[in-house]
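Descriptive analysis of the structure
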Amino acid sequence: GRLRLYDPNHGALNALRGSNIEVMLGLPNSDVKHIASGIEHANWWVQKNVKDFWPDVKIKYIAVGNEISP
């Protein structure tokens, strides 16, 4: 009943529509700096990768970063 996507893969998100599977959606390290640079960038990311799929996809969490950087 649960799944983690390490990046917002739209093909996978579309496949999950109506599945009732809870999703932890990852914001990859490569996108963190861009998202942190301004609220407009963060709003754009959320619109494109969360709101465009909600409520058909049960996105329960957003995980920021996908690996430890030294």
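Residues numbered from 1 in each chain as written. Predicted model: local features only at pLDDT ≥ 70, side-chain atom pairs only at ≥ 80, totals over all residues. Heavy atoms only, no water.

**Looking at the nonpolar core**
Grouped together as the largest cluster of nonpolar side chains are 13 residues, with contacts concentrated most on L5, L13, V23, L25, W45, V57 and I59. Broken down by secondary-structure element, the contributors of at least two residues to this core are β2 (22–27) and α3 (39–51). Non-local contacts of V23, meaning those with residues more than four positions away in its chain, are made with L3, L5, L16, V57, K58, I59, K60 and Y61. (Core = buried A, V, L, I, M, F, W, Y, C linked by side-chain atoms within 4.5 Å. Buried < 20%, exposed > 50% of the residue type's maximum accessible area, 1.4 Å probe, protein only. Helix = DSSP H or I, 4+ residues; strand = E, 2+ residues; numbered from the N terminus. Contact = heavy atoms within 4.5 Å.)

**Some remarks on the packing of aromatic side chains**
The way to describe two aromatic rings as a pair is by their centre distance and the angle between their planes. Applying the stated criterion to the full structure yields 0 aromatic pairs. The lysine or arginine in question, K58, covers the ring of W54, its NZ or CZ lying 6.0 Å from the ring centre. (Phe/Tyr/Trp six-rings, centres within 6.5 Å; stacked < 30°, edge-to-face > 60°. Lys NZ or Arg CZ within 6 Å of the ring centre and 35° of its normal.)

**Brief notes about unusual backbone geometry**
With an omega of 5°, the peptide bond between W54 and P55 qualifies as cis. Structurally, the position occupied by P55 is in the loop between α3 and β3 (58–64). Notably, N20 is not glycine yet its phi reads approximately 65°, a positive angle. Residue classification places N20 among the exposed positions, given a relative accessible area of 58%.

**Describing α3**
Taking 1.5 Å as the rise per residue, α3 with 13 residues should run 18 Å; its terminal C-alpha atoms sit only 16 Å apart, a clear shortfall. What α3 keeps buried is the set A42, W45, N49 and V50. The arc that holds every buried residue of α3, seen down its axis, measures 85°, which confines them to one face. Contact partners of the buried residues in α3: α1 (10–15), β2, α2 (29–36) and β3. (Expected span 1.5 Å × (residues − 1). Arc of directions from axis to C-beta.)

**A look at the pattern of salt bridges**
Throughout the structure, instances matching the rule amount to 3 salt bridges. Salt-bridge contacts for K60 lead to E22; the nearest nitrogen and oxygen are separated by 3.7 Å. Here K60, found in strand β3, pairs with E22, found in strand β2; they are 38 residues apart in sequence, far enough to count as distant. (Salt bridge = Lys/Arg side-chain N within 4 Å of Asp/Glu carboxyl O.)

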